[in-house]
Amino acid sequence: MVQNWKEDDIELFNMICHYFQASFVPVDSFSKNNNIYFYTSSLTLVANIIKLDFRITYRRNTYEVDILFNCKSSTDCFETRTTIDDIVTSVIRSRLNDEMELNLSNFCNDPEFIRKKIKFYKLSLLANFKILMLRMGKITKILNLSNNKLDCVPLNVLNFFIRGEIIGLNLSNNNIPSIDEQVRASSKIERLWLEGNPLCEDMEPNDYIKRILVKFPRLAELDGVKINQHGILYPFAKHFIITPDEKTKMVVEKFLTLYFAHYDTTPRTKINMFYDVNAVWSMSTDFSKCESLAMPHYAKYSRNALNSTCTNNNQRFISGRDTITSVLSEFPKSTHDMNSFNVAVVLKDNKHMIIVLDGIYKEKSVFLNEIYIEKSVDNGNLNKETPENYIRFRRTFLFNIYSVNSVSSYLITREMFSISLAKREESLNSCQFPARNMSTLSLIDPDPTETYPIMKAFIYLTTLNKSEAERRLISHNWDIRLALKEFIDDIKREDVPNQYLMTEENIYSDIATSDEFD
């Protein structure tokens, strides 16, 4: 019994563990008249209490501890002759499934603990059951520690598992602010769940992924989404309509990743390869007359029945992949917000697949006139800068599936493209961070602070002048490795004119000195 304790019981148990240097699992705890009562079988704790003269010093106050020896037996506490070790062992073994996943989610509130009035108040107490944890650590492949109110990565528990076969770790929905202290388990973990922790809230998505990959270099799946070879991790993969066909998910993910990587670059000619030779494309818009005048590149092809801009019916349905590519290339440069993507697989059989994609992208508006500028008035002053339009879109793709020698090809045969201006809230929350390809060195929509060091290094290595170096890097989406490979091949063929090369002294004066390069 601890007298005159005015805080909660969990604070008391944590303080007792710290003060008396002994871990224990309290049983049948309750409070009455500012006194807290509990039972324990920890002789170490009892010995330390006696040694320190039944006193606890906490926040400048001294609390008295009373001990009643042999007040209750295990039969009195648990209705049977047993030990806490046996009860904990039984609970943990019941949480191991056939896939060797040890599900310790919300472990402290296990119904068995509640029924037997065992106050398993923090997960780290598991470290005291060393024999049990060593045995479970040898066979566990996925460890689920979600929903346990953890405020740090529980290394004292993980240490039992990293010596075994563990490849997956679920730390979701806790209070973990950082994983910087997590070092030992990183070499084995291939699947990791961290969503629902403070460390995910205020971090830019790509920085979040980069920091995780530094600690977990073998990671193949994060928060239930695979890290794939064509990008890093795209949130739209979490919004697929559930389908048992894993191949369909793989195809859709690969298509969307590749298609929009090419669509958001200039020129867009590479999207040609996604369309069937006789593909048909159409567009609809939900613009006012004023907005249509401001964006004639869309209004020109809109098939809206009330759209007076499109007078030629032949313009309403575009046929042929070359023509479709040409039309899409007329639209302004865009940046799609992958975080806004929602994907529905409407149909999938042996011959066809239909997917519907909703999302938001932004573009630089280049077709402006006085009417649209009048709409850009902000606090009475005309906005003379070229505005960025945020567009909400829906694209419905119909694929034909061609199979030859067990190899399947998916080509778009029909596409319906509909757009409207995004709402203000959507505009403010979209496209905050450009997509980055971490599996390669390519960049999508880079800013000058990102391209400048790449340009410096490329000029220094190739001695090309600035304009030629920039042209080559842009053609490879700023992937310096691919640009260097092409340059070396051209040098071997003696296909680099001298007019594109600089003298050594011009290199340093034009860009930088060699000691600036990493």
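Residues numbered from 1 in each chain as written. Predicted model: local features only at pLDDT ≥ 70, side-chain atom pairs only at ≥ 80, totals over all residues. Heavy atoms only, no water.

### A word on the overall build of the protein chain
Consideration 1: Secondary structure summary: the protein chain contains 18 helices and 16 strands in total.
Consideration 2: Looking at the 518 residues of the protein chain, the share that counts as buried comes to 45%.
Consideration 3: Put simply, of all contacts in the protein chain between residues at least 6 apart along the chain, 64% involve residues at least 24 apart.
Consideration 4: With an accessible surface of roughly 28300 Å², the protein chain has 50% of that area assigned to carbon and sulfur atoms. (Helix = DSSP H or I, 4+ residues; strand = E, 2+ residues; numbered from the N terminus. Buried < 20%, exposed > 50% of the residue type's maximum accessible area, 1.4 Å probe, protein only. Contact = heavy atoms within 4.5 Å. Areas by Shrake-Rupley, 256 points an atom, 1.4 Å probe, with all protein chains shown as cover.)

### Things to note about the environment of Tyr 37
Consideration 1: With respect to the element layout, Tyr 37 can be found in strand S2 (residues 35-39).
Consideration 2: Remark: the alpha-carbon pair of Tyr 37 and Pro 26, spanning eleven residues in sequence, is separated by 9.3 Å.
Consideration 3: Apart from the residues lying within four places of it in its own chain, the contact partners of Tyr 37 are Met 1, Asp 28, Ser 29, Phe 30 and Lys 32.

### A look at the confidence of the model for the protein chain
A low pLDDT means the predicted coordinates there should not be read in detail.
Consideration 1: Looking at the protein chain, the pLDDT average stands at 78 and 79% of residues meet or exceed 70.
Consideration 2: With pLDDT under 50 throughout, residues 229-242 is counted as low confidence; its partners more than four residues away or in other chains account for 46 contacts. (pLDDT = per-residue confidence, 0-100.)

### Quick look at the pairing of strand S16 (residues 407-421)
Consideration 1: Both strand S11 (residues 275-285) and S16 contribute to a ladder of seven bridges, which runs parallel. From the neighbouring strand, Met 283 faces S16, where its bridge partner is Phe 417.
Consideration 2: Examined bridge by bridge, strand S15 (residues 388-404) and S16 share 14 bridges and lie antiparallel to one another. Considered in S16, the bridge of Thr 396 is made with Met 416.
Consideration 3: Taking the residues between adjacent antiparallel strands as the criterion, S15 and S16 are bridged by two residues, where Asn 405 takes a positive phi near 55°. (Pairing = 2+ DSSP bridges.)

### Examining helix H6 (residues 130-139)
Consideration 1: Along H6, the residues that are buried comprise Leu 132, Met 133, Met 136 and Gly 137. When H6 is viewed along its axis, its buried side chains cluster within an angular range of 130° and face the same direction. Facing away from the buried surface of H6 by more than 90 degrees, the exposed residues are Ile 131, Arg 135 and Lys 138.
Consideration 2: Residues of H6 that are buried make contact with helix H4 (84-94) and strand S5 (101-103). (Arc of directions from axis to C-beta.)

### A few points about unusual backbone geometry
Consideration 1: Phi is positive for Gln 21, close to 55°, though the residue is something other than glycine.
Consideration 2: Take Gln 21: it is sitting in the loop between helix H1 (9-20) and strand S1 (27-32).

### A look at the nonpolar core
Consideration 1: Residues Ile 16, Ile 92, Phe 120 and Leu 126 are the most contacted members of the largest nonpolar core, which totals 66 residues.
Consideration 2: When contributions to this core are tallied by element, the ones reaching two or more residues are H1, S2, helix H2 (43-51), strand S3 (55-58), H4, H6, helix H7 (155-158) and helix H8 (205-215).
Consideration 3: Broken down by element, this core gets its largest block of residues, six residues, from H1.
Consideration 4: If we ignore the near neighbours within four places in the chain, the residues touching Leu 126 are Val 88, Ile 92, Leu 104, Phe 107, Phe 120, Met 133 and Val 157. (Core = buried A, V, L, I, M, F, W, Y, C linked by side-chain atoms within 4.5 Å.)

### Details of the side chain of Glu 468
Consideration 1: Among the secondary structure elements, Glu 468 is positioned in helix H16 (residues 466-475).
Consideration 2: Overall, the relative accessible area of 5% leaves Glu 468 in the buried class.

### What about the packing of H4 against H6?
Consideration 1: At their nearest, the axes of H4 and H6 sit 10 Å apart, and the two run at 15° to each other. By the angle between their directions, the pair H4 and H6 is classed as roughly parallel. For the pair H4 and H6, the crossing hand works out as right-handed. The residues of H6 that touch H4, namely those facing Val 88, Thr 89, Ile 92 and Arg 93, are Leu 132, Met 133, Arg 135 and Met 136.
Consideration 2: In terms of residue class, the contact of H4 with H6 is made up of five nonpolar, one polar and two charged. (Axes fitted to C-alpha atoms, helices over the stretch in contact; angles between N-to-C directions. Parallel < 35°, antiparallel > 145°, perpendicular 65-115°, else oblique. Left-handed = near helix turned anticlockwise from the far one by under 90°. Nonpolar A, V, L, I, M, F, W, Y, C, P; charged D, E, K, R; others polar.)

### Quick word on H2
Consideration 1: Three or more residues of H2 are buried, namely Leu 45, Val 46 and Ile 49. Each buried residue of H2 sits inside an arc of 100° when the element is viewed along its axis, so together they form one side. What points out from H2, more than 90 degrees from its buried face, is the exposed set Leu 43 and Lys 51.
Consideration 2: Packing partners of the buried residues in H2 comprise H1.

### Some remarks on the environment of Lys 466
Consideration 1: Relative to the helices and strands, Lys 466 is located in helix H16.
Consideration 2: Residues Lys 466 and Lys 456 lie ten residues apart in sequence; the distance between their C-alpha atoms is 9.0 Å.

### Some remarks on the pattern of salt bridges
Consideration 1: All chains considered together, the criterion is met by 16 salt bridges.
Consideration 2: Note that Lys 119 and Asp 9 form a salt bridge whose closest N and O atoms lie 3.4 Å from each other. One end of the pair, Lys 119, is in the loop between helix H5 (111-115) and H6; the other, Asp 9, is in helix H1, with 110 residues separating them in the sequence.
Consideration 3: Assessed through its relative accessible area of 27%, Lys 119 is described here as partly exposed. (Salt bridge = Lys/Arg side-chain N within 4 Å of Asp/Glu carboxyl O.)

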